[in-house]
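Fold and contact review
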Amino acid sequence: MHKPASRPANLLLATLCAAVLSACASMAPDYQRPALPVPDRFAVADAGPAAAVPTREIGWREFFTDPKLRDVIDAALGSNRDLRIAALNIERARGLYGVREADVLPTVSAGASETAQRIPETLSTSGRTGVSRQYSVTLGVSAYELDLFGRVRSLRDAALQEYLASEDARRATQIGLVAEVARAYLQLAADQRRLELAQATLASQRSSYDLIRRRFELGVSSDLDVRQAQTTVDAARADVARFTGFVTADRNALALLAGVPLRDEWLPGDVLVAPTLTELPAGLPSEVLLQRPDVVQAERQLLAANANIGAARAAFYPRISLTASAGTASAALSDLFGAGSGTWAFMPQITLPIFDHGRNRSGLQVAEAERDIRVAEYEQAIQVGFREVSDALGFRMTLGEQLQAQTDLVGAAEQAHRLSEARYQSGVDDYLGVLDAQRALYAARQGRIGAELEQQLNLVTLYRALGGGLDAGTSASTPVVGALGREAQ
């Protein structure tokens, strides 16, 4: 004959079934992604054919081809404190999500206890002093909330989105770090070239000054020529001192980003391999902004706020919690697992809010306001990204022409300098013409260095603004995050 299941087993089974059924409800609003608060497409007047690989999938190792710059970026990714803080924030968010995930299912615990009590003879039924003992072993569920209205699940979903947002924050920090290291490295390279130009100019001006002074001693040149030559030497000395300070400051900034002292082999050399960017498609859609980690992070936070509304709504409804246990108890340790020692307890509890003085209503108001704030932050992130990309594209269309014009200016200034020196040597003009030509040539060469730097920095800015910067061998997220992301969807 079939023996029916014991009542304690039925209670625990019923509790577990209730846990499964309670995980199916949610009062969170249906999520609708806000419309893009920007035009549908970017204006890219000089764009070429569509890029074979999206910018966000181009690893920084492919984009930055200078081996020394790669070494500095590698050091920064391993030692930068901002990136380390972002990684630790992920661990913290992962722990918080684990806590919320554990609340969804009942916690089963086992316990063993002994109770000993001395009974005085005045209270003893036998009229003698004695000691009463009780032993028990139980397995049960304590204060498990039946999530009939989705409060616990909504809190879990919010924690999940915060966790995923922390991962996106780390990605944004990494992309920003790669871009900042590149900017600092390019700035150092440019200032080193400016310093070298100033030093070469100083040496040339001193030679010219010595020549003019000898001509003055021979009575060929005037004292005015000597004083004018001295001004060029002093100006070059000032520039050497100024750019020396710039180079020192640039090295300090690069060392701070790298997180470690700079090695001499990491410093920019005479030849700098500039970054290159694949041609962008004409009429680039603004939807590419949705791939930026900061925009994804803002949307994750919006999803978390949306889930918190579900928890706030569920607070208006009854809350049911179950406590159940089953085990064995006996007055003697030797009889603890004997026949007839079974025991069980079942204690359901229901709580219904009646008068809370507006606490739940205020909590819902806070959750809805938080959702609206997150919507505004999400739209703001997209607008900021749109402006960054638009500005970078706008400058990109003019920087090439600017660099070409600056190169032509250097050529014209060099020719003017040669002609002015020849006219001065032949006695046709005074030294003031040579002085003006030297200043124009020096300014043109410095301007060309600045134009080359701006063109390179523009590529770095555009690469970052379009969401690029991850290593080619690193996926957008870890396998754990990917699995959680699929669950969230």
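Here, residues in each chain are numbered from 1, in the same order as that chain's written sequence. Only residues with pLDDT of 70 or above have their local features reported here, since the model is predicted, and side-chain atom pairs are shown and tallied only from 80 upward, although totals for entire chains, interfaces and linings are computed over all residues. Note that the side-chain values use all heavy atoms of the structure and ignore hydrogens as well as water.

A word on the overall build of the chain
How we decide: The way it works is that DSSP assigns letters per residue, a run of H or I at least four long becomes a helix, a run of E at least two long becomes a strand, and they are numbered from the N terminus. Relative accessibility under 20% of the residue-type maximum defines a buried residue, over 50% an exposed one, and the middle range a partly exposed one, all with a 1.4 Å probe and only protein chains included. We call two residues contacting when some pair of their heavy atoms lies within 4.5 Å. Where accessible areas are quoted, they stem from the Shrake-Rupley method and a 1.4 Å probe; at the residue level, only the protein chains shown are allowed to cover.
A count of helical and extended segments in the chain gives 10 helices and 4 strands. Along the chain, helices (α) and strands (β) appear in the sequence α-α-α-α-β-β-α-α-α-β-β-α-α-α when read from the amino end. For the chain, with 489 residues in total, the buried portion stands at 39%. Here the contacts in the chain between residues at least 6 apart in sequence split such that 85% fall between residues at least 24 apart. Accessible area for the chain stands at about 26700 Å²; split by element, carbon and sulfur atoms hold 55% of it.

Details of the sheet that holds strand S2 (residues 130-146)
The cut-off we apply is this: Note on pairing: two strands pair once DSSP finds at least 2 bridges between them. Simply put, an axis is a line fit to the C-alpha atoms, just over the touching stretch for a helix, and the angle between two N-to-C directions goes from 0 to 180 degrees.
The strand order across the open sheet formed by 4 strands is S1-S2-S3-S4, and the pairing between neighbours is antiparallel. Each of the sheet's edge strands pairs with one partner strand only, and the pair in question is strand S1 (108-119) and strand S4 (342-351). The average angle at which neighbouring strand axes cross in this sheet is 25°, direction not considered. Pairing geometry for S2 and strand S3 (residues 319-330), over 10 bridges, is antiparallel. When the sheet's bridge partners are listed, Tyr135 is paired in S3 with Ser330.

Section: the confidence of the model for the chain
Any residue range with low pLDDT should be treated as having predicted coordinates unsuitable for detailed reading. Our working rule: One confidence number per residue, pLDDT, is output by the predictor and ranges from 0 to 100.
Looking at the chain, pLDDT values average 80 and 84% of them are 70 or higher. Ranking the helices and strands of the chain by mean pLDDT puts helix H7 (residues 293-314) first, with 92, and helix H10 (residues 479-488) last, with 34. Confidence over residues 45-52 falls short of pLDDT 50; this stretch has 21 contacts with residues more than four positions distant or in other chains. Here residues 472-489 is modelled with pLDDT under 50, and outside its nearest four sequence neighbours on either side it reaches 25 contacts, counting other chains as well.

A few points about the environment of Arg61
Put simply, the rule is: By the criterion applied in these results, polar contacts are pairs of N or O atoms within 3.5 Å in which, for protein atoms, one can donate a hydrogen and the other can accept it, and in which residues neighboring in sequence qualify only through two side-chain atoms.
Along the chain, the position of Arg61 falls in helix H2 (residues 60-63). As for Arg61 and Ile73, which are separated by 12 residues in sequence, their C-alpha atoms are 9.3 Å apart. A distance of 2.6 Å separates polar atoms of two side chains, one belonging to Arg61 and the other to Asp74.

Topic: empty space enclosed by the protein
Going by this rule: As defined here, a cavity is a set of points on a 1 Å grid over the protein atoms alone where a 1.4 Å probe fits but cannot get out. A pocket is an open set with protein on both sides within 12 Å along at least five of seven lines, and residues line them when an atom is within 4 Å of a point. Grid points are joined across faces, edges and corners, and a volume is the space filled by probe spheres set on the points. Think of it as three bins: nonpolar holds Ala, Val, Leu, Ile, Met, Phe, Trp, Tyr, Cys and Pro, charged holds Asp, Glu, Lys and Arg, and polar takes everything else, Gly as well.
This structure, assessed with the given rule, holds 2 cavities of 30 Å³ or more. Approximately 60 Å³ is the volume found for the largest cavity. The class makeup of the residues in the lining of the largest cavity is 7 nonpolar, 1 polar and 4 charged.

So, the side chain of Asn458
Tracing the backbone shows Asn458 in helix H9 (residues 431-465). In this structure Asn458 comes out as buried when scored by relative accessible area, which is 7%. When residues no more than four places from it in sequence are discounted, the contact partners of Asn458 are Ala392, Phe395, Arg396 and Leu399.

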